Amino acid sequence: MPYTRELKELIKRVEATRPARVERKRRGEEFPVLSLKEREERLRKYHPDFKEGSRTEIRVGPSKGYAISPEIVNLLEAKSRVDPDAIDLTKVAYETDVLILGGGGAGTAAALTAQENGAKVLIATKLRHGDANTMMAEGGIQAATKGTKDSPYYHYLDVLGGGHFKNVPELVYTLVTEAPKVIAWLEGLGCMLTKFPEGQLKALHGGGTCRKRMHYAADITGAEIMRTLRDEARNRPEDIKVLEFCPAVELILNEYGHCAGAVLYNLETEEYFVVKAKAVIMATGGSGRLHIQGFMTTNHYGATGDGLILGYRAGVKLCFLHTVQYHPTGAVFPEQAEGLLITEKFRGAGANALNIDGEQFVNEREPRDVESASFIRECTEVGKGVPTPTGKVGVWLDSPMIDILMGEGAVKREFPGKYILFKRFGIDISKEPMLVYPTLHYQNGGLEYNSRCETSIPGFFAAGEVSGGVHGENRLMGNSLLDVCVFGRIAGVSAALYAKERFQEGRLTLDHVRRYHRELEEAGIITDRVAPMLLPDYSNPKVRERQLTTRYLGTIR
Amino acid sequence: MEAEKKEKEDLVPIFIMGKRYEVPSSLTIQKAMEYAGYQLIRGCGCRGGICGACATVYRFPGSYKIEVGLACQTVVQPNMYLTQIPFFPATKSVYDIEKIKPTIETLVKAYPELLRCLQCNTCTKSCPMEIEVMDYIAAAMRGDVARLAELSFDCVMCGLCTARCPAEICQYNIAILGRRLYGKYIAPKAEHLASMVKEVEKGRYEQMLRELMDTDEETLKKLYNEREIEPEQAGEDWTPKDKTYL
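All values derive from a computational prediction rather than experimental measurement.

With that settled, the discussion passes to the overall build of chain A. Within chain A, the secondary structure is distributed over 17 helices and 21 strands. Each principal axis of the C-alpha atoms in chain A carries an extent, and together these give about 70 × 55 × 45 Å. Counting across all 557 residues of chain A, residues that qualify as buried make up 69%. Here the contacts in chain A between residues at least 6 apart in sequence split such that 75% fall between residues at least 24 apart. Surface accessibility of chain A: about 18,100 Å² in total, with carbon and sulfur atoms responsible for 50%.

Set out below in C-alpha cells:
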C-alpha cells in the first residue's frame, strides 16, 4: 500500500530538511557519535534488554542460575518431544561420518570442508536446504582486505567495541584473521561480490566500523553466498546428502558421553528416525521466531532456537544469551512488510535517520544496540516518532539521500531487492523515505564453544548463530555472514578429523534426556511444554478452537 | 459490536485450492493461509521475499490469465483462487567449478535442453522478481555468460519459470551456473584480497593481535576510542595517518 495522505504530508518535512543535510554530509559533517559512557547510559535506559522482566534465571541444567529471556527459559524448562523409552536406538535409519543439523550458511560451509577432509556428510534441516537467516542477510560481509588502510587489528578492535569488550578473544582473533581467507574462498567459488571494473572489492562502512570493510553482493549478499554454497554442496551428491523437513529433536550420546547422532523428526510423515554419526555439528541458527518481548522479527520461519535446547539438554553451557540484538531498521510500513529487514547498508551509504520533524537525533552509524535504543527513545520519551495508520510508530530512513549523494539510480542499483519490494507496494524508495523501527534480529549468544568449534561434549561441534562468544554482547553488521563462513568451515574440518582420528564406537543412549526430565521434576517444574518448538504458531485462535481432534503440543502434534 | 462489524467489512473471500475462506484484506497470501487455519510446513521460508520457498499461482474468475507471486509478498485480492507450488522437480547438472570454462560449451553440456527454448516468453511472464528470464536464456544460448549472470542476479530460485516452461528447461539452475562462471572466471580478481591473504598467512598481524588479546579492558577502550575513522565520503585512495598497525 502506498503512503497515506497523512504520511505524505509528513514526508514534506523530511524533504524540507534534506538539502541542508545532504550538504552537511558532503562536507563530512556527521551527527556527533556518543561516547562509550553515553552509549552505556542510553542502553541502560532504553534498550529492551534492560527492561524489567526481560531476564529470568534458568532453574535446571549446566547454566542453572543464568538469567536470560523468559521466552528461551520456557523452552529450556520443557520436556523432550518424545519419550526416550519409546525410541529404539538399535534401529538406525541413517549412518554417516558427520551429521550436520541445520542447512543454512554455517551448516553448508561445514559440509563442504568436512567432505574435503574425507567425511561422508548428512545435512538434516527443518525447512529446505538454504531456507535460513543466511539467505536473508542483506548488507554484507566484513573483512579487512585492503592493506593500505585496514588490517585484522582494526577489525578486532571494532568487533570488541561492538560487543562491549566482553567477547572471547580467541574467537575474535579467529574471526578477523580468517576473514580475508573466507572472502577469497567465496571469490573462488564464483560468488558475485560487487567490484570496481578493475577488480577491487567495493566496501562500505557498517555501524561501529572504523574502516570501510563491508563487502557485498548488491543488497542480497546473504542470498548470493547461500545459493552459491548450496549449489556447491549439490555438486558433491555422492558425499553430501541432505534431508529436508527433518529437524533434529534430540541429540544422541554414547556410553562414554560422546555425541553419537540425533533423533530426527520428519515433519511430513510424522516419523522419528535415529541417525548414527561419528561427529555432530550443531548449526541450527537463531531464535527470532520466539518473538522476545513481543517484538516483530527479521528472522526466517524456522528460527526457534532448537539447537540451544538440544545442546543444553546434552550438557553444553550457554553464554552471551543475556543480550538480544534488535536491528534498528525493521520496516513498519506497509503492514505487509512489517518486521522486514532494511539493511544497515542504507545508513552506510548515507541515509539519515529522522524524527517526525525531519530532524536527525542520532548518528546513523552507531552500533546496532545503541542505534535501536536511540530510536526507541525518540519514539517514547522524546515523543517524536512517526505514527503509522495501524497504530505503530517509527522513524524515517531517508533513502532518497543516496540518489543525491551517489548519483541518480544509485538506490535502484545498490538495493535492487528492496527497491523492487517497495515498488510492489507502491513506494519508490529512491524518492520517498522508509518508515522503520527496531526489530528482533540476532541471537548474540548461544552454546559455549572454542575456536576449533569444539564444545564440552566430545564429538559435538557448534558453528554460527547457535553458538556464543565471538560477538560478545552485541554483534556488528557484516560479522554474521563472516561468522557462519569462518566457523562453519572450521567446524567441518574439526568434525571430519574427529570422525577419522578420535571417534570411539559405543552404545547409543538417551540417558541425558531422562536425567534432564528428572532434574525438571526435582526443581518442581511441572509442565506439559515440549521443546524444541520447531515452528511458530501463527494460526487463527478461532480456527484452533474448532480443531477438536488433534491435541496440539506447541504447534506440531 | 462495532469492532466486529468493521472486521466483517474488512474481510474478502479467497479460494485456497478451490475452497472459500474469508480473510482480512490487508494480509499477504501467506498470512491469509495461516489465518484460514493452515499450519504451513512447506511453502514458507524467509517470509521476506528472498528464499523462494513460497511460489504461488492464482487466477481471477472470468480471466484466462495465470498470475504468479511469492505468497509472502503478495497481498490477497477478492476472489483470487490460488495454490502454492511447494516443490517442483528440476534438473541440476553436477560439475566441478575448478574444471569448467565460462563458455557456451559448458552451458550446453551441462544443460543441453537449453537449446530447446521456444522463445515463448512464458518464463519472463512467470517471474515474481520481474527478471527478464527469456533474455538471460537467450544470452546463455549465445554463450554470453556475463549477460546471463547480470540479468539473472535477482533470481530467488522459486521455480515458477521451470514449472511453466514448455521446453522443459530449468532456467534458474542454468542461471546459477552462469553466475558462478562469471564470478570465478570473468569478473576481474581482487588483487588486494590475494595480497592480504598472503600477509595474514605470513603472520604479519600475529604479534599485534596477540598483544591486543592480552590487553586489559581499560586500555582496549582507549585504543577503541582513539582509532581513526575513515570518513564516509572518502574515496578508494584514502589512507589513515597512523600506519603502525597496517
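What follows covers the side chain of E465 of chain A. Residue and element names in this part refer to chain A. By secondary structure assignment, the location of E465 is in the loop between β19 (460–462) and β20 (467–468). No salt bridge is formed by the buried E465; the nearest opposite charge belongs to R475, separated by 6.6 Å. Polar side-chain contacts of E465 include one of 2.9 Å to the backbone nitrogen of Q443. For E465, the residues in contact, after removing those within four places along its chain, are N133, G285, G286, S287, N299, H441, Y442, Q443 and G445.

All names here are of chain A. You can read the domains of chain A as domain 1 (5–50 + 325–439) and domain 2 (72–86 + 116–323 + 444–509). Here the C-alpha centre of domain 2 lies 29 Å away from the C-alpha centre of domain 1. Contact residues are listed per partner, giving 32 residues for domain 1 and 30 residues for domain 2. Across the domain 1 to domain 2 interface the summed buried area is about 2,500 Å²; carbon plus sulfur atoms make up 55%. Between the two partners, domain 1 and domain 2, sit one salt bridge.

Remark on secondary structure: sheet strands pair via backbone hydrogen bonds, oriented parallel or antiparallel. Residues and elements named next belong to chain B. Read from one edge to the other, the open sheet built from five strands follows the order β2-β1-β5-β3-β4, with strand pairing classed as mixed. The open sheet has two free edges, formed respectively by β2 (19–24) and β4 (67–70), since each of these has just one partner strand. Sheet twist, expressed as the mean angle between neighbouring strand axes with direction ignored, is 35°. Of the pairings in the sheet, the one linking strand β1 (residues 11–16) to strand β5 (residues 81–84) comprises two bridges and is parallel in character.

The next point concerns the packing of helix α6 (residues 145–152) of chain B against helix α8 (residues 171–186) of chain B. Residue and element names in this part refer to chain B. Packing of α6 against α8 leaves a shortest axis separation of 8 Å and a crossing angle of 120°. Seen from above, α6 lies across α8 with left-handed handedness. Across from V145, A146, L148, A149 and S152 in α6, the residues of α8 making contact are I174, A175, G178, R179, L181, Y182 and I186. Class assignment of the residues belonging to the contact of α6 with α8 gives a composition of nine nonpolar, two polar and one charged.

Turning to the pattern of salt bridges, a few remarks are in order. In the structure shown here, the tally under the stated rule is 66 salt bridges over all chains. Taking the shortest distance from any N to any O, the salt bridge between K276 of chain A and E95 of chain A comes out at 3.9 Å. In this pair, K276 of chain A is assigned in strand β11 (residues 272–282) and E95 of chain A in strand β3 (residues 94–101), connecting sequence segments 181 residues apart. The salt bridge partner of K149 of chain A is E230 of chain B, with a shortest N-O separation of 2.9 Å. Of this pair, K149 of chain A sits in the loop between β5 (141–142) and α6 (152–162) while E230 of chain B sits in the segment after α11 (217–226), on two different chains. Through salt bridges with shared partners, a single ionic network connects E116, D231, E232 and R236 of chain A together with K92 and R180 of chain B.

All names here are of chain B. By domain assignment, chain B separates into domain 1 (9–84) and domain 2 (97–186). Taking only C-alpha atoms into account, the centre of domain 1 sits 28 Å from that of domain 2. The interface of domain 1 with domain 2 comprises eleven residues on the first partner and ten residues on the second. Regarding the contact of domain 1 and domain 2, the summed buried area is about 730 Å², with carbon and sulfur atoms giving 74% of it. Joining domain 1 to domain 2, the criterion identifies zero salt bridges. On inspection of domain 1 and its partner domain 2, the count reaches zero residue pairs in polar contact (both at pLDDT 80 or more). For the side of domain 1 that touches domain 2, the class distribution of residues is seven nonpolar, four polar and no charged.

Let us look at the interface of chain A and chain B. Listed as interface residues are 102 residues of chain A and, on the opposing side, 81 residues of chain B. Each partner contributes to the roughly 8,200 Å² buried at the junction of chain A and chain B, and carbon and sulfur atoms together form 57% of this total. Applying the counting rule to chain A against chain B returns twelve salt bridges. Summed over the shared surface of chain A and chain B, the number is 37 residue pairs in polar contact (both at pLDDT 80 or more). Those elements giving two or more residues to the side of chain A that touches chain B turn out to be α2 (36–46), α5 (133–136), α6, α7 (169–189), α8 (221–234), α10 (345–348), α14 (416–424) and α17 (541–546) of chain A. Considering each element in turn, the side of chain A that touches chain B owes the most residues, twelve residues, to α7 of chain A. Per-class residue counts for the side of chain A that touches chain B are 44 nonpolar, 26 polar and 32 charged.

So, on to helix α5 (residues 133–142) of chain B. Residue and element names in this part refer to chain B. Within the span of α5, buried status applies to V133, M134, Y136, I137, A139 and A140. The elements touched by buried residues of α5 are α3 (104–110), α4 (122–125), α6, α7 (160–164) and α8. Where α5 terminates, the next one or two residues include G143, which has phi positive at roughly 80°.

All names here are of chain A. Pairing in this open sheet of three strands is mixed, and the strands run β12-β18-β20 from one edge to the other. With partners counted over all chains shown, the strands left at the sheet margins are β12 (318–319) and β20, one partner each. Of the pairings in the sheet, the one linking β12 to strand β18 (residues 446–448) comprises two bridges and is antiparallel in character. From the neighbouring strand, C319 faces β18, where its bridge partner is G446. Across the face of the sheet, helix α9 (residues 306–314) comes into contact with β12 and β18 while running at roughly 35° to β18.

This part covers the packing of aromatic side chains. All names here are of chain A. If you walk through the whole model with that rule in mind, you get 15 aromatic pairs over all chains. A ring pair is formed by F361 and F375, whose centres lie 5.8 Å apart and whose planes are at 65°; its orientation type is edge-to-face. One end of the pair, F361, is in the loop between β14 (353–354) and α11 (368–379); the other, F375, is in helix α11, with 14 residues separating them in the sequence. Using a relative accessible area of 0% as the deciding quantity, one classes F375 as buried. Centroid distance Y449 to F487: 5.6 Å. Interplanar angle 70°. Geometry classified as edge-to-face. Taken as a pair, Y449 in the loop between β18 and β19 and F487 in helix α15 (residues 480–501) lie far apart in primary sequence, 38 residues in all. For the pair Y449 and F487, one class covers both residues: buried.

What follows deals with the nonpolar core. Formed by 163 residues in total, the largest nonpolar core has its most connected members in L101, L318, W396 and F487 of chain A. In terms of domain composition, this core takes at least three residues from each of domain 1 (5–50 + 325–439) and domain 2 (72–86 + 116–323 + 444–509) of chain A. Apart from the residues lying within four places of it in its own chain, the contact partners of L101 of chain A are A124, A248, L251, A262, L264, V280, I281, M282, A283 and T284 of chain A. One finds V12, I41, C123 and C155 of chain B within the second-largest nonpolar core, a separate group that totals 93 residues.

This paragraph deals with the pairing of β1 of chain B. All names here are of chain B. Across the six residues that make up β1, a large majority, five, are buried. In terms of strand pairing, β1 meets β2 through six bridges, oriented antiparallel. Bridge pairing in β2 places F15 opposite R20. Two successive antiparallel strands, β1 and β2, enclose a turn made up of two residues, where M17 displays a positive phi of approximately 50°.

Rules used in this analysis
Residues numbered from 1 in each chain as written. Chains lettered and ligands numbered in written order. Predicted model: local features only at pLDDT ≥ 70, side-chain atom pairs only at ≥ 80, totals over all residues. Heavy atoms only, no water. Helix = DSSP H or I, 4+ residues; strand = E, 2+ residues; numbered from the N terminus. Buried < 20%, exposed > 50% of the residue type's maximum accessible area, 1.4 Å probe, protein only. Contact = heavy atoms within 4.5 Å. Areas by Shrake-Rupley, 256 points an atom, 1.4 Å probe, with all protein chains shown as cover. Lys, Arg positive; Asp, Glu negative; His and termini not counted. Salt bridge = Lys/Arg side-chain N within 4 Å of Asp/Glu carboxyl O. Polar contact = N/O pair within 3.5 Å; in protein donor to acceptor, adjacent residues only side chain to side chain. Domains from an automatic or database assignment. Buried area = accessible area lost by both parts, 1.4 Å probe. Pairing = 2+ DSSP bridges. Axes fitted to C-alpha atoms, helices over the stretch in contact; angles between N-to-C directions. Left-handed = near helix turned anticlockwise from the far one by under 90°. Nonpolar A, V, L, I, M, F, W, Y, C, P; charged D, E, K, R; others polar. Phe/Tyr/Trp six-rings, centres within 6.5 Å; stacked < 30°, edge-to-face > 60°. Core = buried A, V, L, I, M, F, W, Y, C linked by side-chain atoms within 4.5 Å.

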